[in-house]
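Residue-level structural notes
Chain residues, written in single-letter form:
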Amino acid sequence: MSKIKIKTILTNKTENQVYQNELIGIKSDNKIKYQDGGVNSIITIYEDILNIERKSNDYLIKLPIDLKNITQGIYDIYSLGKINLDIQTTKLEIGNNKIKVNYVLIFDKEEKIKMEFYLEWEEIK
């Protein structure tokens, strides 16, 4: 288990919104864990698949990212209920302590939101 310095950039391409942060997290084996403004995030890295899970007091979102397949995710807003969504990944790069993902969230087979997620990390000695 290593303590790491993390830089994240989440871009909503559809609504032209960008969220950036630099924080401290933990990396163990294939998992990166960090807290971002009261939201606990776990990124699980497999050879060519990525799982993103974000959980707060208000919601839970699970995004399986797979370049080869459209996957099904969950957005559970506790006050409203679960929303099932499809995820179409258009770019997935994992390597050299960096992750870059471009994906489209598809709600009700119609509404589409284009997203870009970038994460880089370095071990703190």
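No experiment lies behind these values; they were computed from the predicted model shown. (Residues numbered from 1 in each chain as written. Predicted model: local features only at pLDDT ≥ 70, side-chain atom pairs only at ≥ 80, totals over all residues. Heavy atoms only, no water.)

When helices and strands are counted, the protein shows 0 helices and 10 strands. The order of helices and strands in the protein, counted from the N terminus, is β-β-β-β-β-β-β-β-β-β. What you see for the protein is a C-alpha radius of gyration of 14 Å, in line with the 14 Å of a compact globule of 125 residues. Principal axes of the C-alpha set define a box for the protein whose edges measure 45 × 35 × 25 Å. Across the 125 residues of the protein, 39% fall into the buried class. A sequence separation of at least 24 residues applies to 29% of the contacts in the protein between residues at least 6 apart. For the protein, the computed accessible surface area is about 8,000 Å², with 45% contributed by carbon and sulfur atoms. With 19 positive and 19 negative side-chain charges, the protein shows a spacing of 3 Å between the two charge centroids. (Helix = DSSP H or I, 4+ residues; strand = E, 2+ residues; numbered from the N terminus. Rg over C-alpha atoms; globule rule 2.2 N^0.38 Å. Buried < 20%, exposed > 50% of the residue type's maximum accessible area, 1.4 Å probe, protein only. Contact = heavy atoms within 4.5 Å. Areas by Shrake-Rupley, 256 points an atom, 1.4 Å probe, with all protein chains shown as cover. Lys, Arg positive; Asp, Glu negative; His and termini not counted. Charge placed at Lys NZ, Arg CZ, Asp CG, Glu CD.)

Our focus in this paragraph is the pairing of strand 5 (residues 49-55). In this structure, strand 4 (residues 39-45) lies alongside strand 5, joined through 6 bridges in antiparallel fashion. The residue bridging Thr 44 from the neighbouring strand is Asn 51, located in strand 5. Between strand 4 and strand 5, which pair antiparallel one after the other, the connecting turn spans 3 residues. Pairing of strand 5 with strand 6 (residues 59-66), which is carried by 7 bridges, proceeds in the antiparallel orientation. Counterpart to Lys 55 in the pairing with strand 6 is Leu 60. What sits between the antiparallel neighbours strand 5 and strand 6 is a turn of 3 residues. (Pairing = 2+ DSSP bridges.)

Attention shifts here to the environment of Ile 42. On the secondary structure map, Ile 42 appears in strand 4. Each C-alpha atom, one on Ile 42 and one on Leu 80, is 23 Å from the other, the two residues being 38 residues apart in sequence. Excluding its chain neighbours within four sequence positions, the residues that come into contact with Ile 42 are Lys 31, Ile 32, Lys 33, Asn 51, Ile 52 and Glu 53.

Let's shift gears to the sheet that holds strand 4. Backbone hydrogen bonds hold the strands of a sheet together, and the pairing may be parallel or antiparallel. Ordered in space as 1-2-3-4-5-6-7-8-9-10, the 10 strands form a closed barrel in which the pairing is antiparallel. Going across the sheet, the axis of each strand differs from the next one's by a mean of 25 degrees, ignoring polarity. Inspection of the sheet shows strand 3 (residues 31-36) paired to strand 4 by 6 bridges, in the antiparallel sense. Residue Ile 32 lies in a different strand from strand 4, and its bridge partner there is Ile 43. (Axes fitted to C-alpha atoms, helices over the stretch in contact; angles between N-to-C directions.)

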